[in-house]
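One-letter residues, chain by chain:
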Amino acid sequence: NQAPAGRLILPQVQTIRELLDLGCTITCCTTENYKDSLKKLAKAPNLIITDSQAFKVVYENKPADSLITSFSVLFAKWKGDIDTFVAGTEAFSRLRPNSKVLIAEACTHAPLSEDIGREKIPNLIKKAISPDIQFDIVSGRDWNENIEDYDLIIHCGACMINRQEMLSRIGEAKKAGVPITNYGITIAYFTKILDKIVY
């Protein structure tokens, strides 16, 4: 989780606010006390929303009847085109050692250690496919230079830009013939639960 100490990140805040407005009852916990928190509930939750980086442990320990998703996946649908992002994962099977992948961040945050876009996702793909895949990172408005040079674009949840701008980026990727997907969808794919999550 890339949240600064003592703070929630914007997708968490906006999701919690939306759920409260819908009249939902919300229980929040960390990954460390996730199992304990489930035991304290009188009934299994209808939906579990997790940080994408915790997909594996949360999925493996969730109640059978509880649905699961992540903040990034929810934002992929809210801000972007979820069907395009899911279809974009097909590009992973076509990546080769000389393939080029663009990691696109909508914000310009100062990267923390083990940054999800700059370290965790590239390492995940290198381990699963090839250590020789090339990754480039763009952030903020530095987005659309030479995107046709890439075999795949992996975009953040886009919490810092509006839906119109995200859809514009997706449109540019399609025009360039480059598949595009999202951080959370990518992690679900490599965790082998893409067909198990909801969005």
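Residues numbered from 1 in each chain as written. Predicted model: local features only at pLDDT ≥ 70, side-chain atom pairs only at ≥ 80, totals over all residues. Heavy atoms only, no water.

1. Some remarks on the overall build of the protein chain
- The secondary structure content of the protein chain amounts to eight helices and six strands.
- Listed N to C, the secondary structure of the protein chain is α-α-β-α-β-α-α-β-α-β-β-α-β-α in terms of helices and strands.
- In terms of C-alpha radius of gyration, the protein chain reaches 17 Å, essentially the compact-globule figure of 16 Å for 199 residues.
- Counting all 199 residues of the protein chain, 42% fall into the buried class. (Helix = DSSP H or I, 4+ residues; strand = E, 2+ residues; numbered from the N terminus. Rg over C-alpha atoms; globule rule 2.2 N^0.38 Å. Buried < 20%, exposed > 50% of the residue type's maximum accessible area, 1.4 Å probe, protein only.)

2. A word on the packing of helix 6 (residues 116–128) against helix 8 (residues 183–190)
- Viewed as axis vectors pointing N to C, helix 6 and helix 8 meet at an angle of 30°, and their least axial separation amounts to 11 Å. The orientation of helix 6 with respect to helix 8, classified from their angle, is roughly parallel. You can see that helix 6 and helix 8 cross each other, and the crossing is left-handed. Across the interface between the two elements, Ile116, Gly117, Ile121, Leu124, Ile125 and Ala128 from helix 6 touch Tyr183, Thr186, Ile187 and Phe190 from helix 8. (Axes fitted to C-alpha atoms, helices over the stretch in contact; angles between N-to-C directions. Parallel < 35°, antiparallel > 145°, perpendicular 65-115°, else oblique. Left-handed = near helix turned anticlockwise from the far one by under 90°. Contact = heavy atoms within 4.5 Å.)

3. Let's talk about a nonpolar patch on the surface
- Where nonpolar side chains cluster on the molecular surface, the patch consists of Leu8, Leu10, Val13 and Met160 and spans about 350 Å² of accessible area.
- Exposure remark for leucine 10: the relative accessible area of 32% places this residue in the partly exposed category. (Patch = residues over 30% accessible without salt bridge, like charges linked within 9 Å, V, L, I, M, F, W, Y side chains within 5 Å. Areas by Shrake-Rupley, 256 points an atom, 1.4 Å probe, with all protein chains shown as cover. Salt bridge = Lys/Arg side-chain N within 4 Å of Asp/Glu carboxyl O.)

4. Re the pairing of strand 5 (residues 152–155)
- Neither face of strand 5 is left uncovered, since the one carrying Leu152 and Ile154 and the one carrying Ile153 and His155 both have all their residues buried.
- Note: strand 3 (residues 100–105) against strand 5, four bridges, orientation parallel. Directly across from valine 101, in strand 5, lies its bridge partner leucine 152.
- Pairing of strand 5 with strand 6 (residues 180–182), which is carried by three bridges, proceeds in the parallel orientation. For isoleucine 154, the partnering residue across the bridge sits in strand 6 and is threonine 181.
- Note on the crossover from strand 5 through helix 7 (residues 163–176) to strand 6: the handedness is right-handed. (Pairing = 2+ DSSP bridges. Right-handed = clockwise from strand over helix to strand, strands pointing away.)

5. Some details on unusual backbone geometry
- Residues other than glycine seldom take positive phi values, yet alanine 158 does so here, at roughly 65°.
- Mapped onto the elements of the fold, alanine 158 is located in the loop between strand 5 and helix 7.
- Located in the positive-phi region is lysine 192, a residue other than glycine, with phi close to 65°.
- Take lysine 192: it is sitting in the segment after helix 8.
- With relative accessibility at 69%, the residue lysine 192 sits in the exposed group.

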